Amino acid sequence: MTALLSIRDLTVTYRRDGSEVAALKHVSLDVAAGERFAIIGESGSGKSTLALAIAGLLPGSSKVGGSIEWKLPNLRLPHSFAPPSVLPDMSGRTEGGATERRPSAIATSHMPLGGRDIGFVFQDPSASLDPVMAIGEQIAEVARTHLGLTWSQSYAKAKSLLERVRLPDPDAALRAYPHQLSGGQKQRVAIAAAIAAGPKLLIADEATSALDTIVQAEIVALIRQLVAEDGMTLLFVSHDIALAAELAERIAVFRHGELVELGATAQIIASPRHAYTRALLDAHLGLDAEPLLRQAGATR
Amino acid sequence: MSSPLLAVSGLTKRYRRGGKTIAAVDDISFHIEPGETLALAGPSGSGKSTIARLVLRLIEPDAGHIEFEGGDFLSLNGAALRARRARLQMVFQDPLAAFNPRAMVARVLDDPLRTHGVASRPERTRRIAALLERVGLSADLAARAIHEVSGGQRQRIAIARAIATKPSLIVLDEAVSALDVSVRRQILQLLLDLQRQERIAYLFISHDLGVISAIAHRVVILDAGRVAESGNARAVIGAPQSAIGKALVAAAPKLNRTSQGAADRQ
Amino acid sequence: MSPLRRFLLAPEAIAGAIILVALFAMALTASLFFPGDPQAIAGPALLPPFQDWSLPLGTDRLGRDVLAELFHGARTSLVVGLAAAAAALAVGAIVGTLAGFAGGLVDEVLMRITDAFQTVPSFLLALAFVSVVGPSLGVVVTAIALGAWTGPARVARAEVLSIRERDFVAGARVIGMHPLEIAFREVLPNALPAVLALSSVIVAAAILTEAALSFLGLGDPNRVTWGGMIAEGRAVLRTAPFLSIIPGVALVLTVLGVYLAGEGVVETTAVRRSLS
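- As recorded in an unreviewed UniProt entry, chain B goes by the name Peptide ABC transporter ATP-binding protein, listed as coming from Mesorhizobium temperatum.
- Its UniProt record, at the heading Sequence similarities (unreviewed entry), says of chain B: "Belongs to the ABC transporter superfamily."

In structure tokens:
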């Protein structure tokens, strides 16, 4: 298993009202190329901060210590000592010499480019889509920016992406605006935009939390299929350990900014080592769980 | 058992959208007995939140009857309706949005007491402290601002506010969906304790069948504003008959804690 | 960073604050430095400024002390400006809240009345009102407020329309709270920041309107006003231009000060709101 990125001793602090709050404390972990990796935690666990740090999207006011080392073989950045391609070259083929570098506080060996090397899907699709831009244009813009296509090629690409995320009537959807779509459809569009440039890494940060159970299951199935087809690495950030267990091969459990437990899904679910992981599993209310009603002894 | 606590029949609410009339709630009937939990389940757009708002008279139906505590609830107006509201309360999904962003904890609990003419100010202060302790919080919390307390504490305060006027029915609209799993279980436990001790009935609205099967007596599964099926919660969830019921059960995340992880199947 | 510190870091806000502080100091110390009637004769007529140090800014056509008039005029400008703006904001916030919260017929009627007031130029409205009722401080304040409340009313209504859809308003209804209490205790306080953001412009406009009314001789005749002073000086504009220039400069500085300080406050509180 070749590592895609290697995080060492990562600490992130935010300044809030004059005091410093540590959102992540001395986190070290590796994400392997092509794996489905879940980050689990409750609110305040630092799971979203980790996702943002990996994507290079932390707010400028945050202080970052430690390192995130990328092992992307084909980054086209000045100073990157790109070895001969190991993975199929997807992003570099049209980028030419034009490169841009995003300022980032993180000490990284080679910083990948958000949107091209990393696709990010947020919890609220309404907030990540431009309300006054047609769906097709939003997706085409990503393809055009990162793949160097012409507008007509980009639109063709956008249409094929909408077909891939199984949006009904992709031709109509190209011209539709976000408010005309349901929550689940908007999230499909957001996923299409995230994968438009063929990223190596897809980060889904609570991407299904705002959706109802049926749509959530559909989106999870879609993510699973897209990741498999494109050979992407998946970082699935969620508060729901049962949902993560259905999708991920490895699970990292976070609490109060610290990595509590990391292991293969089967091991985490069947024999958790840490008490907190056990508590999370016990708190899950599955369909087969013992009803609280009977435990409480309440009868009508 | 005598007459039901809440009897809803033929409830209908239509919206006009782009020249077309859509029935968000279409001829729905159900009833709730005292001290019972009835769950409304369904995907988004199935009409469950609209039903909650209709039952609470936050919006008015186009057709149907609502009988509450033996009286016609829809015929009440003005002061009579406001007085009756003491018996029929609600807890919202997002505990932050459900409170005035400028409010103090003491004030949100004082509002129902004052509105329903509870005694003097010192008496209300005493009752506020008792309410906070009733939902497992420290009475000191009264002096804090709503935005300062945690999400779980906020939802407990929302429950304290709902039980302040000694209601017989509380509508819980996705009341635990936004909470962390560990907090969620504690809140459900609190709701069950309150139900057992005060004989409060719940209309529990959720898309999460796991939560419903844990605390509901009966369930009504909705699809596109209509009842798809209903019955004993464990029985319906164990063996759903309707297409939407089957889809909901299939979609619920399942933890297989004994065998190997589910991730390997593909 | 506290809002106060952010305010103090903005140079234009400090400039505005300094002007305002000076203005308030003038208004508060007017009776201390210049006891007695500022309209009494203090020396020879048309004495130019900086000649006699007991009358540093000289005297007007009737031999009245210009500096004393300037101090007492500051008092009138501030009282009228603040009172008229407060009245306009209060009426506007109440009308806007009622219209937005009640909706339906109440909204329709209140907003048509607002339209009617907005169609008439506010200065003409003030002019007509004062000429009919007669000039006195209270009437001038009312007249100015009559033309200024429509802006706050529209802003308040727009805010209330979005706030009333929020869960906490539904929560207050479920509690059984009276609609008027919901409107004014739950909704209005949350709509207020947007309405108050208009206050600097309204105060500045009110001060100018008051000066214009006084210039036309429709101010309170028993009070010194800067507008009245400019009007007085107009007759001798060629021989003694300082009589118009001094109150004119005071007026410009005051409006500028109110505006800059007001914008500074809005700016700093807006940053705080967007952060939280």
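## Quick notes on the interface of chain C and chain B
In step 1: Between chain C and chain B, the contact holds 19 residues from the first and 23 residues from the second.
In step 2: Roughly 1800 Å² is buried in total at the junction of chain C and chain B, and carbon and sulfur atoms are behind 49% of that figure.
In step 3: Broken down residue by residue, the surface that chain C buries against chain B is led by Asp-167, Val-174 and Ile-175 of chain C, which jointly contribute 37%.
In step 4: On the surface where chain C and chain B come into contact, there are four salt bridges.
In step 5: The residue Arg-114 of chain B makes a salt bridge to Glu-181 of chain C at a minimum N-O spacing of 2.9 Å.
In step 6: In this structure, the connection of chain C to chain B is made through 13 residue pairs in polar contact (both at pLDDT 80 or more).
In step 7: Of all the secondary structure elements, the ones that give two or more residues to the side of chain C that touches chain B are helix 8 (167-175) and helix 9 (179-196) of chain C.
In step 8: Examining the composition of the side of chain C that touches chain B, we find that eight residues originate from one element, helix 8 of chain C, more than from any other.

## Digging into the arrangement of the chains
In step 1: When the two pairs of chains in contact are compared, the highest contact count belongs to chains A and B.
In step 2: Separated in space, chain A and chain C share no contact, their closest pair of C-alpha atoms being 7 Å apart.

## Examining the sheet that holds strand 4 (residues 63-70) of chain A
Residue and element names in this part refer to chain A.
In step 1: The strand order across the open sheet formed by three strands is 2-1-4, and the pairing between neighbours is antiparallel. Edge positions in the sheet fall to strand 2 (19-32) and strand 4, since each has one partner strand and no second. Neighbouring strand axes in the sheet, compared pairwise and without regard to direction, differ in orientation by 10° on average.
In step 2: Where strand 1 (residues 3-16) and strand 4 come together, seven bridges link them in antiparallel fashion. Within strand 4, the residue paired with Thr-11 across the bridge is Gly-65.

About the thresholds
- Residues numbered from 1 in each chain as written.
- Chains lettered and ligands numbered in written order.
- Predicted model: local features only at pLDDT ≥ 70, side-chain atom pairs only at ≥ 80, totals over all residues.
- Heavy atoms only, no water.
- UniProt positions renumbered as here; feature names shortened; annotations may be inferred.
- Contact = heavy atoms within 4.5 Å.
- Buried area = accessible area lost by both parts, 1.4 Å probe.
- Salt bridge = Lys/Arg side-chain N within 4 Å of Asp/Glu carboxyl O.
- Polar contact = N/O pair within 3.5 Å; in protein donor to acceptor, adjacent residues only side chain to side chain.
- Helix = DSSP H or I, 4+ residues; strand = E, 2+ residues; numbered from the N terminus.
- Pairing = 2+ DSSP bridges.
- Axes fitted to C-alpha atoms, helices over the stretch in contact; angles between N-to-C directions.

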